[in-house]
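Remarks on the overall topology
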Amino acid sequence: MTSTVPPAVPHATAQPPITMFGPDFPYAYDDFLAHPAGLGQIPATEHGIEVAIVGGGLSGIVTAYELMKMGLKPVVYEADQIGGRLRTVGFDGCSAAAGEEELNCELGAMRFPPSSTALQHYIDLVGLTTTPFPNPLAESTPSTVVDLKGESHYAETLDDLPPVYRQVAEAWNACLEEGADFSDMNQAMRERDVPRIREIWAKLVEKLDNQTFYGFLCDSSAFTSFRHREIFGQVGFGTGGWDTDFPNSILEILRVVYTEADDHHRGIVGGSQQLPLRLWEREPQKIVHWAPGTSLSSLHDGTPRPAVTRLHRTAGNRITVTDASGDIRSYKAVVFTAQSWMLLSKIECDDDLFPIDHWTAIERTHYMESSKLFVPVDRPFWLDKDEHTGRDVMSMTLTDRMTRGTYLLDNGPDRPAVICLSYTWCDDSLKWLPLSANERMEVMLKSLGEIYPKVDIRKHIIGNPVTVSWENEPYFMGAFKANLPGHYRYQRRLFTHFMQELLPEDKRGIFLAGDDISWTAGWAEGAIQTALNAVWGVMHHLGGGTDAANPGPGDVYDEIAPVELPED
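Attention here is on the structure that accompanies the text. None of the values given here were measured: they were computed from a predicted structure.

Let us now look at the packing of aromatic side chains. Per the stated rule, a full pass over the model turns up 29 aromatic pairs. Consider the rings of F25 and F495, whose centres lie 5.2 Å apart with planes at 65°: the pair is edge-to-face. Of the two residues, F25 is situated in the segment before α1 (29–34) and F495 in helix α15 (residues 488–495); the sequence distance between them amounts to 470 residues. The burial state of F25 is the same as that of F495; both residues are buried. Look at Y214 and F246: their rings are 5.1 Å apart centre to centre, the planes differ by 45°, and that puts the pair in the tilted class. With Y214 in helix α7 (residues 213–218) and F246 in the loop between α8 (226–235) and α9 (250–258), this residue pair connects regions lying 32 residues apart in the sequence.

So, in structure tokens, the structure goes:
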């Protein structure tokens, strides 16, 4: 509901910015990407060899792009469409007027924190721009309505809400200080003080791995009030309510708040799917082996390979990939970036693909459900003023009703706009699962009509609703990973899998990447960080290495390896 850190101070006296630098693996991926020496090189004898990339989401496309620049030939397999959960779609029955861009909506990732600095590298690389996202009580959000237990409160800032909401915000900040050394960790991450980050985090991982988010709140002297915990669950901080995360490990939540991943969000103008699509078409200026003008698209004749149906090991410790067309190819190296549950169901896999402990970690992965529904509207009518109160007639809305979160996406005065009528998680998402898009819309309009009885939302709708339930998407089966208490060891196995020298020789050659392999699932930054780990892993596997001036994540691994908890 509110930022967990003080507002930014004037630039002249500003502290270093907070970034997703740790806490589990404090490696500067942004510096690695920006260094003029590049990410590394492979022996000339390996130039042009094929490396399979399973999954054409952001992690897969970044992996393929960087390996192509080194002189390898990525072979991207994609079951659906390039982008993964960066999925931008238009509206049926809604045509743009002359000179206007088509309306679109973000079914997956739609808001990105400035702390995602590796992500920003690629956004800048392909020439995309960002704009502030209208989260609750954000500076760019004209107004917010908090509607709980049938009572609505209109606010432009936190101070406009009743005192209990400020009490809840203060309780959360106090809880973080008391139980998680928030200020110390935030400062250490700003300064990139690796020893301090590791010291704080090692103690917290050992202390809190068995603790739920809700248990963490209950153990805090700041959150002794059930009413405060209930309001916090419904309204939360940053982007809204967090009660759907209450059963998850508190370590997952701390990673988000330490790195300000839930604050100051920005959206990508024109849609987030442009990022992987532009990387797919991009012709790098600095490229080894390949002729100038080479792109991932040109190496694939414009289209990735179809879905992978089988992965198995063959002679010479090669990984053999069978795809939906029946094509069978063997590779020295494969990077798997799709949702890890695909390895349990959609793809036939040999048991010897991974060590048994890694299979256990994959099987224990816990995914969050998530659903959204969007409608196109004729204009940003919510900015009309109520003649009696002078307030906006409708606002960004947080509620305990079925809709939970409603976002108003403005494209400018009197221009067609978009409403995300509902954005929900977990049990709230499952409530929508049996309903069609139109059925969902009717329930949502009824709920919002109870909050805004004077507003006829329906009369402004100019096209058909668009919806998604990620748990029902056949190649995803959930929105993103969210560890439960006791899952730290499993996550560590998955994240560190790129360090293949730690594995038996007959278990090497396939690398895991993607945001659910990262420590920060659900964030594009995690997808990129694990992609860069896999790039380093493949390069190392093929006999290559980094420039001494720009060591990669594997080169410094022993100095910053994630905390290792005892197994016995």
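There's more to say after this.
Inspection of the entire model under this criterion finds 4 cavities of 30 Å³ or more. Considering only enclosed or pocket space, the largest cavity measures out at about 100 Å³ in volume. Taken together, M20, G22, P23, D24, F25, Y29, F495, S518, W519, T520, G526 and Q529 make up the full set of residues lining the largest cavity. Residue composition of the lining of the largest cavity, by class: 6 nonpolar, 5 polar and 1 charged. Size it by volume and the second largest cavity reaches roughly 50 Å³. In this structure, the second largest cavity is lined by T19, M20, F21, Y27, A28, Y29, D30, T117, R192, E525 and Q529. When contributions to the lining of the second largest cavity are tallied by element, the ones reaching two or more residues are α1 and α16 (524–541). In terms of residue class, the lining of the second largest cavity is built from 5 nonpolar, 3 polar and 3 charged.

Counting buried positions over the 9 residues of α9 gives 9, a clear majority of the element. Taken together, the buried positions of α9 are occupied by I250, L251, E252, I253, L254, R255, V256, V257 and Y258. On the buried face of α9, the contacting elements are α4 (163–180), α5 (182–191), α6 (194–208), α7, β20 (480–481) and α15. Structurally, the start of α9 carries an N-cap: the backbone nitrogen of L251 is 3.1 Å from a side-chain oxygen of S249.

Here we come to the packing of α6 against α9. Look at α6 against α9: their axes get within 10 Å of each other, and the N-to-C directions meet at 150°. By the angle between their directions, the pair α6 and α9 is classed as roughly antiparallel. Where α6 approaches α9, its residues W201, L204, V205 and L208 are matched on the opposing element by I250, L251, L254, R255 and Y258. Here the contact of α6 with α9 is composed, by residue class, of 8 nonpolar, no polar and 1 charged.

What follows is about the environment of L448. Along the chain, L448 turns up in helix α14 (residues 437–451). Note on L448: relative accessible area 0%, which makes it buried. Each C-alpha atom, one on L448 and one on T397, is 8.9 Å from the other, the two residues being 51 residues apart in sequence. Discounting residues that sit within four places of it in the chain, L448 has contacts with M394, T403, T406, L421 and I457.

What follows deals with unusual backbone geometry. With an omega of 10°, the peptide bond between G22 and P23 qualifies as cis. Take P23: it is sitting in the segment before α1. Not every positive phi belongs to a glycine, and D181 is a case in point at roughly 45°. For D181, a relative accessible area of 33% puts it in the partly exposed group. Look at M477: it is not a glycine, yet its phi comes out positive at around 65°.

Within the element layout of this structure, S116 appears in the loop between β4 (105–106) and α3 (117–125). Each residue touching S116, except ones within four places of it in the same chain, is listed here: M20 and E525.

Turning our attention to the side chain of H300. Position of H300 among the secondary structure elements: in the loop between α11 (296–299) and β9 (308–314). Among the residues examined, H300 registers a relative accessible area of 10% and is labelled buried. Looking at H300, its side chain comes within polar contact range of the main-chain nitrogen of V76, at 2.8 Å.

To continue, consider the environment of F354. Checked against the element boundaries, F354 lands in the loop between β13 (348–349) and α12 (356–364). Between the C-alpha atoms of F354 and G509, which are 155 residues apart in sequence, the distance is 9.9 Å. When neighbours within four sequence positions are excluded, F354 is seen to be in contact with L343, W359, I362, H497, K507, I510 and L512.

Calculation notes
Residues numbered from 1 in each chain as written. Predicted model: local features only at pLDDT ≥ 70, side-chain atom pairs only at ≥ 80, totals over all residues. Heavy atoms only, no water. Phe/Tyr/Trp six-rings, centres within 6.5 Å; stacked < 30°, edge-to-face > 60°. Helix = DSSP H or I, 4+ residues; strand = E, 2+ residues; numbered from the N terminus. Buried < 20%, exposed > 50% of the residue type's maximum accessible area, 1.4 Å probe, protein only. 1 Å grid on protein atoms, 1.4 Å probe; cavity = no way out; pocket = protein on both sides within 12 Å on 5 of 7 lines; lining within 4 Å. Points joined across faces, edges and corners; volume = space filled by probe spheres on them. Nonpolar A, V, L, I, M, F, W, Y, C, P; charged D, E, K, R; others polar. Contact = heavy atoms within 4.5 Å. Polar contact = N/O pair within 3.5 Å; in protein donor to acceptor, adjacent residues only side chain to side chain. Axes fitted to C-alpha atoms, helices over the stretch in contact; angles between N-to-C directions. Parallel < 35°, antiparallel > 145°, perpendicular 65-115°, else oblique.

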